[in-house]
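Read off the chains here:
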Amino acid sequence: MQQRLMLTWSVWLVYRLLGLPILISMLNQTHPDIIGGIAWQGLWLIPAFIVTPWMLRGRSPYALLVASMLILVYLGASGVVLFTRVYGSSGLEIIVYVADFVLLLLINTWLFMLLKRLPSMNNVIKKPRSH
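Residues numbered from 1 in each chain as written. Predicted model: local features only at pLDDT ≥ 70, side-chain atom pairs only at ≥ 80, totals over all residues. Heavy atoms only, no water.

Asks: Can you lay out the overall build of the protein chain for me, pointing to particular residues and giving the numbers?
Replies: Looking only at helices and strands, the protein chain features 5 helices and 0 strands. A compact globule built from 131 residues would reach a C-alpha radius of gyration of about 14 Å, whereas the protein chain, at 18 Å, exceeds it by more than 25%. Taking all 131 residues of the protein chain together, 37% fall into the buried category. By sequence separation, contacts in the protein chain at least 24 residues apart represent 73% of the contacts at least 6 residues apart. Total accessible area on the protein chain stands at roughly 8500 Å², and carbon and sulfur atoms take up 70% of it. (Helix = DSSP H or I, 4+ residues; strand = E, 2+ residues; numbered from the N terminus. Rg over C-alpha atoms; globule rule 2.2 N^0.38 Å. Buried < 20%, exposed > 50% of the residue type's maximum accessible area, 1.4 Å probe, protein only. Contact = heavy atoms within 4.5 Å. Areas by Shrake-Rupley, 256 points an atom, 1.4 Å probe, with all protein chains shown as cover.)

Asks: Residues and numbers for the nonpolar core, please.
Replies: Grouped together as the largest cluster of nonpolar side chains are 30 residues, with contacts concentrated most on W9, W12, M55, Y74 and I107. Only α1 (2–27), α3 (46–57), α4 (61–85) and α5 (91–117) provide two or more residues apiece to this core. Ranked by residues supplied to this core, first place goes to α5 with 10 residues. Those residues in contact with W12, other than ones at most four positions away along the chain, are L45, A48, Y74, D100, L103, L104 and I107. (Core = buried A, V, L, I, M, F, W, Y, C linked by side-chain atoms within 4.5 Å.)

Asks: Give a detailed account of the packing of aromatic side chains, specifying residues and quantitative values.
Replies: All told, the structure shown has 4 aromatic pairs when counted by the stated rule. A centroid spacing of 5.6 Å and a plane angle of 80 degrees characterise the contact between W44 and Y74, whose relative ring orientation is edge-to-face. Here Y74 lies in helix α4 and W44 lies in helix α2 (residues 34–44), a separation of 30 residues in the sequence. Residue classification places W44 among the partly exposed residues on the basis of a relative accessible area of 31%. Y74 gets classed as buried once you look at its relative accessible area, which sits at 4%. Aromatic pair F83 and Y87: ring centres 5.8 Å apart, planes at 90 degrees, arrangement edge-to-face. On the basis of relative accessible area, F83 is assigned to the exposed category, the value being 56%. Three or more aromatic residues link up through ring pairs in this structure, and these residues are W9, W12, W44 and Y74. Taking the ring centre of W110 as reference, the NZ or CZ of R4 above it sits at 5.2 Å. (Phe/Tyr/Trp six-rings, centres within 6.5 Å; stacked < 30°, edge-to-face > 60°. Lys NZ or Arg CZ within 6 Å of the ring centre and 35° of its normal.)

Asks: Could you give me a rundown of α2, with the residues and numbers involved?
Replies: For α2, the full list of buried residues reads G37, Q41 and G42. Here the buried residues of α2 occupy an arc of 135 degrees about the axis, which is enough to place them on one side. In this structure, α2 carries I35, W40 and L43 as exposed residues pointing more than 90 degrees from its buried face. Looking at the buried residues of α2, the elements they touch are α1 and α3. The opening residue of α2 is D33, an N-cap whose side-chain oxygen sits 3.0 Å from the backbone nitrogen of G36. (Arc of directions from axis to C-beta. Polar contact = N/O pair within 3.5 Å; in protein donor to acceptor, adjacent residues only side chain to side chain.)

Asks: Can you break down the pattern of salt bridges residue by residue, with the values?
Replies: Summed over all chains, the structure comprises 1 salt bridge. Where D100 meets R16, a salt bridge forms, and the shortest distance between an N and an O atom there is 2.9 Å. One end of the pair, D100, is in helix α5; the other, R16, is in helix α1, and 84 residues separate them in sequence. According to the relative accessible area criterion, D100 is buried, its value standing at 2%. (Salt bridge = Lys/Arg side-chain N within 4 Å of Asp/Glu carboxyl O.)

If you want it as structure tokens, here you go:
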């Protein structure tokens, strides 16, 4: 599970940072600036870059829960963008946004499956305080 998560996370980061702006620039009729798109995606991905070490290690349940909440935000934003693009974009451009959505959905699925396999966070045995 951890390897799947690491691979999918890495593919999504590269796709979102480079692939999405390049493909949209090629497929969109207005041909938006590639460098501007990469810069915008880089800013948008700052929180993802911050949680990348947690995702690659995949050992801390608390860190992965925080990362999962972040991925849910990205997933929601990706779904909204996909929904808005359906009405005004070409079929190939829509496929670019569907790929982003599917990658995020896979990341969240692997995260949930990995979190189920990690040790429970609630079964901590506390030692009584000595007075």
